[in-house]
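Listed here are the chains, written in short residue letters.
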Amino acid sequence: MSTSHSPVAIIGGGLGGLTAARVLHVNGIESAVFELEASPAARTQGGMLDIHAANGQKALHAAGLHDDFLKIVHVGGESMRLLGPDGTVHVAEEDDGSGERPEVDRGDLRDLLLNSLPEGTIRWGRKVTGARALDDGRHEVTFTDGSVVTTDLLIGADGAWSRVRPLVSDAKPAYTGISFVETDLLEADTRHPRGAALVGDGFFICLGDERGILAHRETDGSLHVYTALRTDEGWLDTVDFTDHAAAKAAVLSRFEGWDDGLRALVADAETITPRRIHALPTGHRWERVPGVTLLGDAAHLMSPFAGEGANLAMLDGAELALAVAAHPGDTEAALAAYEQALFPRSEASAAESAASLETMFGPRSLERMAEFFAAAPDDAAPDGTGTGDRAGEAR
């Protein structure tokens, strides 16, 4: 068993953890990021994110990466369509380039952050088995490979099922009542022209009867689709997702009577993946525990229907790093300052997300969303649609 010491240990190499490491680096503070994936290419990151000026882009400015971010923006990605189950288009908005929430591929954004860090910052293939307090605010983290790390500042950026969270909180994510089934239609323009024309260049929403189809066009020309159902937590377990034909039939049985073009977003797909949507309690917070804190989903997992998950994780990472830089030699003052801003900010977004879930999957969902778009200013993004991170932060 090998033991090492890292003054700042960040558990989790998602967008929030990487942003924290980058902003620490910009401010001359070394950190180590421990990531369970074996390499940057271990899996496709996937998914489109709209990065908001007030939080995600603010974090990128702090990281000194905003100009590089603009180079990877998906042109046209801010366009949006809202349809009813019969295929009628109720709202159509084009991306004229004036919006404040440009779309970017999650994988491209992650690569931007990864490539901005000094070599050796990321410790790949480190899956946490446990974390415990030592003394004087220090902590010890153990990994499946038998290695052990001690640290003066432990940052839990390890997502929904965080192994660091129990050090500060007993809270656990709960099922929100919504299940997703994700599908991909590859090379959409040539192989699935009907679906490509239906979805358009950006984000697509179809709502009705406590269910919906959400989709977006990715930068590689594929369509990523989320069929969303308000259903009991066990329904996905009744479906054999190893049998794609049977799984598609099971999903489509919940969309009887919907337009054939909409149903084809499932029927014609090359992949199919189930996903339950969980959330921590709105207003989740904890008492100050020396030497440890949380960011992103570990701190405030919420449903994706306010589009804030990735944006908040990045802002959390930047704000935490800036607080550490602003309080040299006083970790507790830094963490207290960070959490003082974190808690109300995340509570507001979690409440908005929960309300948006009820709007999208409650009575008159289509009408209420059409009214929202009609009332919103031209440059406002639909905070009730989950356009910011779709399902990606709920993994």
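Structure first, text after, so check above.
Chains are numbered independently. Their residues run from 1 in the order of the written sequence. Local features in this predicted model are restricted to residues of pLDDT 70 or higher, and side-chain atom pairs are both shown and tallied only at a pLDDT of 80 or more, whereas totals for entire chains, interfaces and linings draw on every residue. Calculated side-chain values reflect all of the structure's heavy atoms, with hydrogen atoms and water omitted.

**Q** Explain the nonpolar core to me, and be specific about the residues and the numbers.
**A** In this description, a nonpolar core means a group of buried Ala, Val, Leu, Ile, Met, Phe, Trp, Tyr and Cys residues linked to one another through side-chain atoms lying within 4.5 Å. Working definition: with a 1.4 Å probe on protein chains only, accessible area under 20% of the residue-type maximum means buried, over 50% means exposed, and in between means partly exposed. Counting residues in hydrophobic clusters, the biggest one holds 55 residues, and the most contacted among them are Ile-10, Ile-11 and Leu-109. Note on conventions: DSSP H or I runs of at least 4 residues are helices, E runs of at least 2 residues are strands, and numbering of each starts at the N terminus. By residue number, the principal contributor to this core is helix H10 (residues 309–326), which donates seven residues. Contact definition: two residues touch when any of their heavy atoms are within 4.5 Å. Setting aside anything within four residues of it in sequence, one finds Ile-10 in contact with Gly-17, Ala-20, Ala-21, Leu-24, Ser-31, Ala-32, Val-33, Phe-34, Ile-155 and Ala-157. Formed by 28 residues, the second largest nonpolar core is a distinct cluster that contains Val-199, Ala-215, Ala-247 and Ala-269.

**Q** I'd like to hear about the environment of Leu-295, residue by residue, with values.
**A** Turning to its location among the elements, Leu-295 is positioned in the loop between strand E16 (292–294) and helix H9 (297–300). Exposure remark for Leu-295: the relative accessible area of 2% places this residue in the buried category. Dropping the residues within four chain positions of it, Leu-295 is found in contact with Gly-16, Gly-17, Ala-20, Ile-155, Gly-156, Ala-157, Ala-313, Asp-316, Gly-317, Leu-320 and Tyr-338.

**Q** Got a sec to walk through the packing of helix H1 (residues 15–26) against helix H4 (residues 106–115)? Specific residues and values, please.
**A** Two quantities define a packed helix pair, namely the angle between the axes and the distance from one axis to the other. To obtain each axis, a line is fitted to C-alpha atoms, and for helices this fit is confined to the stretch in contact; angles are then taken between N-to-C directions over 0 to 180 degrees. The interhelical angle for the contact between H1 and H4, taken along N-to-C directions, is 25°, at an axis separation of 9 Å. Taken together, H1 and H4 sit at an angle that is classed as roughly parallel. By crossing handedness, the relation of H1 to H4 is classed as left-handed. Contact residues: H1 offers Leu-15, Leu-18 and Thr-19, while H4 offers Arg-106, Leu-109, Arg-110, Leu-113 and Leu-114. In this classification, the charged set is Asp, Glu, Lys and Arg, the nonpolar set is Ala, Val, Leu, Ile, Met, Phe, Trp, Tyr, Cys and Pro, and all remaining amino acids, among them Gly, are polar. Per-class residue counts for the contact of H1 with H4 are five nonpolar, one polar and two charged. In these notes the angle categories are as follows: under 35 degrees is roughly parallel, over 145 is roughly antiparallel, 65 to 115 is roughly perpendicular, and the rest is oblique. Handedness of a crossing follows from how the near helix is turned relative to the far one, being left-handed for an anticlockwise turn of less than a right angle and right-handed for a clockwise one.

**Q** Which residues make up unusual backbone geometry, and what are the values?
**A** Phi angles above zero are rare outside glycine, and Asp-136 is one such case at about 55°. Within the element layout of this structure, Asp-136 appears in the loop between strand E8 (128–133) and strand E9 (139–143). One non-glycine residue, Glu-210, lies in the positive phi region at around 60°. Judged by its relative accessible area of 38%, Glu-210 is partly exposed.

**Q** I'd like a description of the packing of aromatic side chains, backed by residues and values.
**A** Between 30 and 60 degrees the pair is tilted, below 30 it is stacked and above 60 it is edge-to-face, where a pair is any two Phe, Tyr or Trp rings, Trp via its six-membered ring, whose centres lie within 6.5 Å. In this structure the tally under the stated criterion is seven aromatic pairs. With a centroid separation of 5.9 Å and an interplanar angle of 85°, the aromatic rings of Phe-180 and Phe-305 are classed as edge-to-face. One end of the pair, Phe-180, is in strand E11 (residues 174–185); the other, Phe-305, is in the loop between H9 and H10, and 125 residues separate them in sequence. The class for Phe-180 is buried, based on a relative accessible area of 0%. Given the relative accessible area of 1%, Phe-305 is considered buried. Their ring planes at 85° and their centres at 4.9 Å tell us that Phe-255 and Trp-258 sit as a pair that is edge-to-face. Grouping residues by exposure puts Phe-255 and Trp-258 together as buried. In textbook terms, an aromatic cluster arises when at least three aromatic residues are bridged by ring pairs, as seen for Phe-180, Tyr-226, Phe-305 and Phe-361. Sitting above the plane of the Phe-143 ring, Arg-126 keeps its charged end 5.4 Å from the centroid. A ring is scored as having a charge over it whenever the NZ atom of a lysine or the CZ atom of an arginine sits within 6 Å of its centre and within 35 degrees of its normal.

**Q** Mind laying out the pattern of salt bridges, listing which residues take part and the relevant values?
**A** In what follows, salt bridge is the name for a side-chain nitrogen of Lys or Arg lying within 4 Å of a carboxyl oxygen of Asp or Glu. Here the structure, examined in full by the defined rule, presents 17 salt bridges. Among the ionic pairs, Glu-37 bridges to Arg-110, the shortest N-O distance being 3.4 Å. Separated by 73 residues along the polypeptide, Glu-37 in the loop between strand E2 (32–34) and strand E3 (48–50) and Arg-110 in helix H4 bring together distant segments of the chain. Judged by its relative accessible area of 8%, Glu-37 falls in the buried class.

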